[in-house]
Amino acid sequence: VPRLDTPHFGIIDYPDDAVIHFPAGLPAFESATQFLAVERSDAAPLIFLQSVIHPSLCFLTMAVLDILPGYRLALCPEDLRLLGLPPGPQPEIAGDLVCICILTVPEHGRATANLLAPVVIRRDTRTGVQAVQMDSPYSHRHPLFAGEASICS
Amino acid sequence: MLVITRRAGEGILIGDEIELQVIELSPSRVKLGIAAPRSLSILRKEIQLAAEENLAASQTLPLDRLHGLLDRLRVPRG
């Protein structure tokens with residue numbers, strides 16, 4: 001069984017088919033092409049996106065629909081292609097198509113979610129992209145807690 | 001910032017090697033063609049934003065900070 005020694009979780013043993021492949025990596029981390037989605041009951045609703053290639057790289061994420069119900073995808077043709085989805089109508093976030101977004105939690109200041117560039121994962125093919133949305137009405141720094149919307153923008 | 005007005009089909013040159021052409025205009029968007037050396041990286045600006053935000057997010061994880069976050073997330077929101 002493959003094993004990963006991480007600074008945040010210690011040693012993780014995982015089956016091969018748990019690996020999610022990101023053919024293009026993530027912006028600024030293009031070489032990070034394999035991740036594990038680590039869900040722990042003591043950390044729900046958070047999901048950790050742990051890099052397999054760089055064990056010290058781990059993102060904090062949450063399901064996009066938990067942050068903004070009614071969120072709509074607007075994937076560019078290239079991202080649809082990377083996911084193996086047909087061009088044309090935008091896919092729904094349902095069934096095997098999972099959409100999470102990366103959180104930024106600074107030591108001081110408000111916690112935000114990147115709704116401009118959600119991480120879209122196909123569970124059936126274990127493929128993912130961080131999809132920088134087209135013509136997006138969503139912010140890359142969406143306040144996680146609504147009451148903080150006007151504090152420091 | 002230098003501002004230049006162009007019509008569809010017109011272009012501009014930047015240095016010797018970069019050509020920008022306005023291919024098509026519609027009320028809400030512009031289609032641009034760019035001819036430049038392969039060695040130059042050309043990105044939609046949102047991708048740069050995503051890259052910067054990923055760098056900030058990658059510094060997020062110290063687990064001691066998560067408890068406060070989880071406490072707030074688990075309060076029913078409305």
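The coordinates are above.
What counts, and where the lines are drawn
Within any chain, residue numbers begin from 1 and follow the written order of that chain's sequence. Each chain is given a letter, starting from A, and each ligand a number, starting from 1, according to the order in which they appear as written. Reporting in this predicted model follows two pLDDT cut-offs: at least 70 for local features of residues, and 80 or more for side-chain atom pairs to be given and counted; totals over whole chains, interfaces and linings ignore these cut-offs and use all residues. Excluding hydrogens and water, the side-chain values take into account all heavy atoms of the structure. For helices the rule is a DSSP run of H or I covering at least 4 residues; for strands it is a run of E covering at least 2, with both sets numbered from the N terminus onward. The reference for a compact globule is 2.2 Å times residues^0.38; the radius of gyration itself is calculated from the C-alpha atoms. Exposure is judged per residue with a 1.4 Å probe applied to protein chains only, and the accessible area is read against the type maximum: over 50% gives exposed, under 20% gives buried, and values in between give partly exposed. Here, two residues are considered to be in contact whenever any of their heavy atoms come within 4.5 Å of each other. Values of accessible area rely on a 1.4 Å probe in the Shrake-Rupley scheme; residue burial ignores everything except the protein chains shown. Aromatic pairs are defined between Phe, Tyr and Trp rings, using the six-membered ring for Trp, whenever the two ring centres lie within 6.5 Å; interplanar angles under 30 degrees are classed as stacked, those over 60 as edge-to-face, and all others as tilted. Two strands form a pair only when DSSP identifies at least two bridges running between them.

**Comments concerning the overall build of chain A**
Stage number 1. Across its full length, chain A carries two helices and 11 strands.
Stage number 2. Helices and strands appear in chain A in the N-to-C order β-β-β-β-β-β-α-α-β-β-β-β-β.
Stage number 3. For chain A, the C-alpha radius of gyration of 16 Å lies close to 15 Å, the compact-globule estimate for 153 residues.
Stage number 4. Based on the C-alpha atoms only, the size of chain A along its principal axes is roughly 45 × 40 × 30 Å.
Stage number 5. Residues classed as buried in chain A amount to 50% of the 153 residues present.
Stage number 6. Put simply, 50% of the contacts in chain A that link residues at least 6 apart link residues at least 24 apart.
Stage number 7. Roughly 7,100 Å² of accessible area belongs to chain A as shown, and the carbon and sulfur atoms make up 55% of that amount.

**Description of the packing of aromatic side chains**
Residue and element names in this part refer to chain A.
Stage number 1. Tallied over the entire structure, the rule returns five aromatic pairs over all chains.
Stage number 2. Between Phe9 and Phe48, the ring centres sit 4.8 Å apart and the planes meet at 70°, which makes this aromatic pair edge-to-face. With Phe9 in the loop between β1 (3–6) and β2 (10–13) and Phe48 in strand β5 (residues 46–51), the pair connects residues that are 39 residues apart, well separated along the chain.
Stage number 3. Taking relative accessible area as the criterion, Phe9 reaches 15% and is therefore assigned buried.
Stage number 4. An angle of 75° between the planes, with centres 5.2 Å apart, marks the rings of Phe22 and Phe35 as edge-to-face. Of this pair, Phe22 sits in the loop between β3 (20–21) and β4 (34–38) while Phe35 sits in strand β4; the two residues are 13 residues apart in sequence, bridging distant segments of the chain. Each member of the pair, Phe22 as well as Phe35, carries the same accessibility label: buried.
Stage number 5. Connected via pairs of aromatic rings, a cluster forms that spans Phe22, Phe29, Phe35 and Phe59.

**Notes on unusual backbone geometry**
All names here are of chain A.
Stage number 1. In this model, Ala44 is joined to Pro45 through a cis peptide bond whose omega is 5°.
Stage number 2. Secondary-structure assignment places Pro45 in the loop between β4 and β5.
Stage number 3. Phi at Ala28 takes a positive value of approximately 80°, unusual for a residue other than glycine.
Stage number 4. The residue Ala28 is located in the loop between β3 and β4 in this model.
Stage number 5. Even without glycine at this site, Asp135 takes up a positive phi of about 45°.
Stage number 6. Among the structural elements, Asp135 can be located in the loop between β10 (127–130) and β11 (142–143).
Stage number 7. The exposure class of Asp135 is exposed, given its relative accessible area of 57%.

**Quick word on the pairing of β10 of chain A**
The side chains of a regular strand alternate, first on one face of the sheet and then on the other.
All names here are of chain A.
Stage number 1. Covered by surrounding structure in β10 are Thr127 and Val129 together with Gly128 and Gln130, the residues of both alternating faces.
Stage number 2. As defined by bridge partners, strand β9 (residues 119–122) adjoins β10 across four bridges and the pair is classed as antiparallel. Bridging across to β10, Ile121 finds its partner in Gly128.
Stage number 3. Linking β9 back to β10 in an antiparallel pair, the connection comprises four residues, with Arg126 at a positive phi of about 55°.

**Re the environment of Ala63 of chain A**
Residue and element names in this part refer to chain A.
Stage number 1. Mapped onto the fold, Ala63 is located in strand β6 (residues 58–63).
Stage number 2. Its relative accessible area of 24% is what places Ala63 among the partly exposed residues.
Stage number 3. Note: C-alpha distance between Ala63 and Arg126 (63 residues apart in sequence) is 17 Å.
Stage number 4. Once residues lying within four places of it in the same chain are set aside, the contact partners of Ala63 are Ile47, Cys99 and Ile100.

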